[in-house]
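Reading the structure
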Protein chains: 2
Amino acid sequence: MDAFDCIVGRRSIRAFKEDEVPDDNLKKILEAGRWAPSAMNKQPWEFITIHDESTLSEIAEHARYGSFIAEAPVAVAVVTDPSTKWHEIDGSGAVENMSLAAWNMGIGSCWIGSLDREKVKAILGIPNERHLLTVMPFGYPAKVGSSTRKDLDTIIHDESW
Amino acid sequence: MDAFDCIVGRRSIRAFKEDEVPDDNLKKILEAGRWAPSAMNKQPWEFITIHDESTLSEIAEHARYGSFIAEAPVAVAVVTDPSTKWHEIDGSGAVENMSLAAWNMGIGSCWIGSLDREKVKAILGIPNERHLLTVMPFGYPAKVGSSTRKDLDTIIHDESW
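Attention in this report is confined to the structure presented alongside it. The written sequence of each chain sets the order in which its residues are numbered from 1. For naming, the first written chain is A and the first written ligand is 1, with later ones following in the order written. Where totals are concerned, whole chains, interfaces and linings use all residues; where local detail is concerned, this predicted model gives features only for residues with pLDDT of at least 70, and gives and counts side-chain atom pairs only at 80 or more.

Considerations on the overall build of chain A
Inclusion rule: Where helices and strands are cited, they refer to DSSP runs of H or I of at least four residues and of E of at least two residues respectively, numbered from the N terminus. Radius of gyration here uses only the C-alpha atoms, and the compact-globule reference equals 2.2 Å multiplied by the residue count raised to the power 0.38. Using C-beta atoms placed from the backbone, we call a residue buried if 20 or more other C-beta atoms fall within 10 Å of its own, exposed if 12 or fewer do, and partly exposed for counts in between. Remark: residues whose backbone-derived C-beta atoms lie within 7 Å of one another are considered to be in contact.
Helices and strands together make up the secondary structure of chain A, namely six helices and five strands. Beginning at the N terminus, the succession of helices and strands in chain A can be written as α-α-β-α-β-α-β-α-β-α-β. For a compact globule of 161 residues, the expected C-alpha radius of gyration is about 15 Å, and chain A comes in at 16 Å, within 12% of that figure. Taking the principal axes of the C-alpha coordinates as reference, chain A spans close to 50 × 40 × 30 Å. For chain A, the proportion of its 161 residues judged to be buried stands at 48%. Once local pairs closer than 6 in sequence are excluded, the contacts in chain A between residues at least 24 apart make up 79%.

Shown next as structure tokens:
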């Protein structure tokens with residue numbers, strides 16, 4: 001799919017079919033994350049791939065708006081390193097890349113931000129000194145909702161504020 | 001260009017040709033930013049487009065690793081709203097979208113993170129209570145460097161850390 005069409009056509013997906021995400025597709029999603037830019041190319045991210053249904057259900061219990069993680073065939077926990085000043089910003093670029101690479105293959109996802117991070121870190125064995133940025137569920141969309149954005153001319157300033 | 005090829009092929013560009021970025025292309029870049037996901041769809045971002053050479057030169061003086069902003073035909077300042085908790089994360093997705101939409105049209109860019117933000121905010125008239133996330137220069141690459149990433153198998157964990 002053309003990159004621009006992918007970017008403006010992507011929607012957050014919160015309902016998934018049961019179909020598995022093939023390993024090759026998951027690998028392309030992770031590759032896309034790997035190639036994100038980062039300050040001084042520090043790449044302060046690591047990814048945990050989670051297929052286990054009971055683990056996904058446990059995580060879902062600690063995601064206020066992310067109960068649908070339990071229904072996804074796979075999720076990727078994005079873990080960043082706070083010893084790098086820009087770890088959240090860099091990690092966010094990696095997540096957006098993954099989300100777009102998935103959409104390019106007809107696979108949906110959604111950024112889960114509200115997590116009980118201490119609980120989910122314990123479930124996944126993530127070291128205390130690392131930050132859990134998000135757990136991204138991936139799967140084929142069972143439903144694609146509509147979305148809106150502010151008009152471009154209300155958020156653009158010409159030459160200065 | 002296929003979205004995956006765009007994502008893994010994108011490189012940060014720090015040297016630009018003099019050619020202008022056509023208005024239609026700049027608009028597509030901004031559109032891509034506009035369609036980024038954000039927590040509760042708050043879209044806590046506004047964009048300032050900057051073509052004025054003297055403004056770009058002034059900004060460049062306050063960007064430690066971004067002197068090449070002065071040579072870009074256009075830059076986009078990305079301003080976020082700290083009253084939204086996730087403004088930097090959301091803004092980072094918008095920036096990555098813009099960077100990819102540009103690359104899809106053969107236009108390069110580079111995240112400029114080290115800025116004297118108070119000085120640049122004053123130059124651009126950005127209100128105190130807003131955050132200047134980055135100033136992204138955009139232009140046709142005069143030089144495309146190579147880059148590397150950590151091997152995928154060194155950053156992936158299977159099921160748990």
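So that's the structure; there's more coming.
Some words on the sheet that holds strand E5 (residues 156-158) of chain B
Going by this rule: Only strands that DSSP links by at least two bridges are regarded as paired with each other. Interaxial angles span 0 to 180 degrees and are taken between N-to-C directions of axes, which are lines fitted to C-alpha atoms, for helices over the stretch in contact.
With respect to topology, five strands assemble into an open sheet ordered E3(A)-E4(A)-E2(A)-E1(A)-E5(B), the strand pairing being mixed. Across the chains shown, the open sheet's two edge strands, defined by having one partner strand only, are strand E3 (108-109) of chain A together with E5 of chain B. Of the pairings in the sheet, the one linking strand E1 (residues 45-50) of chain A to E5 of chain B comprises three bridges and is parallel in character. Within the sheet, the bridge partner assigned to Phe47 of chain A lies in E5 of chain B and is Ile156 of chain B. With respect to the sheet, helix H4 (residues 87-103) of chain A is in contact with E1, strand E2 (74-80), E3 and strand E4 (131-139) of chain A, its orientation differing from that of E4 of chain A by roughly 5°. Against the sheet, helix H5 (residues 117-124) of chain A contacts E1, E2 and E4 of chain A, and its axis sits at roughly 70° relative to E4 of chain A.

Considerations on the sheet that holds strand E1 (residues 45-50) of chain B
Across the sheet, five strands lie side by side as E5(A)-E1(B)-E2(B)-E4(B)-E3(B); this open sheet has mixed pairing. Looking at strand neighbours, the two that pair on one side only are strand E5 (156-158) of chain A together with strand E3 (108-109) of chain B, the edges of this open sheet. Sheet contacts for helix H2 (residues 23-34) of chain B: E5 of chain A together with E1, strand E2 (74-80) and strand E4 (131-139) of chain B; angle to E1 of chain B, the most-contacted strand, approximately 165°.

Looking at the pairing of E2 of chain A
Remark: a regular strand shows side chains that alternate across the two faces of the sheet. All names here are of chain A. A large share of E2 lies buried, amounting to seven of its seven residues. Going residue by residue along E2, you find Val74, Val76, Val78 and Thr80 tucked away on one face and Ala75, Ala77 and Val79 tucked away on the opposite face as well. The pairing of E1 with E2 spans six bridges and is antiparallel. Note that in E2 the partner of Glu46 across the bridge is Val79. As paired strands, E2 and E4 are joined by seven bridges and run antiparallel to one another. Considered in E4, the bridge of Val74 is made with Phe138.

What about the relation of the copies chain A and chain B?
Going by this rule: A least-squares superposition brings the copies together, and it is based on the C-alpha atoms of residues with pLDDT no lower than 70 in both.
With an RMSD of 0.0 Å, chain A superimposes on chain B once it is rotated by 180° and translated 0.0 Å along the axis. What the superposition gives is, in effect, a two-fold axis relating one chain to the other. When each C-alpha of chain A is compared by its distance to the rotation axis, Ala3 of chain A comes out closest, at 1.9 Å. Comparing interface residues between copies, 100% of those in chain A also lie at the interface in chain B; the contact surface is shared.

Examining unusual backbone geometry
The backbone of Met40 of chain A shows a phi angle near 55°, a positive value even though the residue is not glycine. Along the polypeptide, Met40 of chain A turns up in the loop between helix H2 (23-34) and E1. By C-beta crowding, Met40 of chain A is classed as partly exposed, having 13 other C-beta atoms within 10 Å. In this model, Gln43 of chain B sits at a positive phi of 50°, which is unusual for a non-glycine residue. Within the element layout of this structure, Gln43 of chain B appears in the loop between H2 and E1.

Some thoughts on the interface of chain A and chain B
At the interface, 55 residues of chain A touch 55 residues of chain B. Contributions of two or more residues to the side of chain A that touches chain B are made by helix H1 (3-9), H2, E1, H4, helix H6 (152-155) and E5 of chain A. Per-element accounting of the side of chain A that touches chain B gives the leading share, eight residues, to H4 of chain A.

As for helix H3 (residues 53-60) of chain B
Residues and elements named next belong to chain B. The condition that has to hold: In this description, one arc is meant: the one made by directions from the helix axis to the C-beta atoms.
Listing the buried residues of H3 in full gives Thr55, Leu56, Ile59 and Ala60. Burial along H3 is one-sided: seen end-on, the buried residues are contained in an arc of 140°. Pointing more than 90 degrees away from the buried face of H3 are the exposed residues Glu53 and Ser54. At its buried positions, H3 is contacted by E1, E2, helix H5 (117-124) and E4.

Let's talk about the environment of Leu115 of chain B
Residues and elements named next belong to chain B. Structurally, Leu115 is set in the loop between E3 and H5. In this structure the C-alpha to C-alpha distance between Leu115 and Leu133, which are 18 residues apart in sequence, comes to 9.2 Å. Among residues more than four places away in sequence, those in contact with Leu115 are His62, Ala63, Val120, Leu132 and Val135.

Some points on the environment of Arg64 of chain B
Residue and element names in this part refer to chain B. By the secondary structure assignment, Arg64 is in the loop between H3 and E2. C-beta crowding within 10 Å serves as the criterion here: with 10 such atoms nearby, Arg64 is assigned to the exposed category. The sequence separation of Arg64 and Ser114 amounts to 50 residues, and the corresponding C-alpha distance is 6.0 Å.

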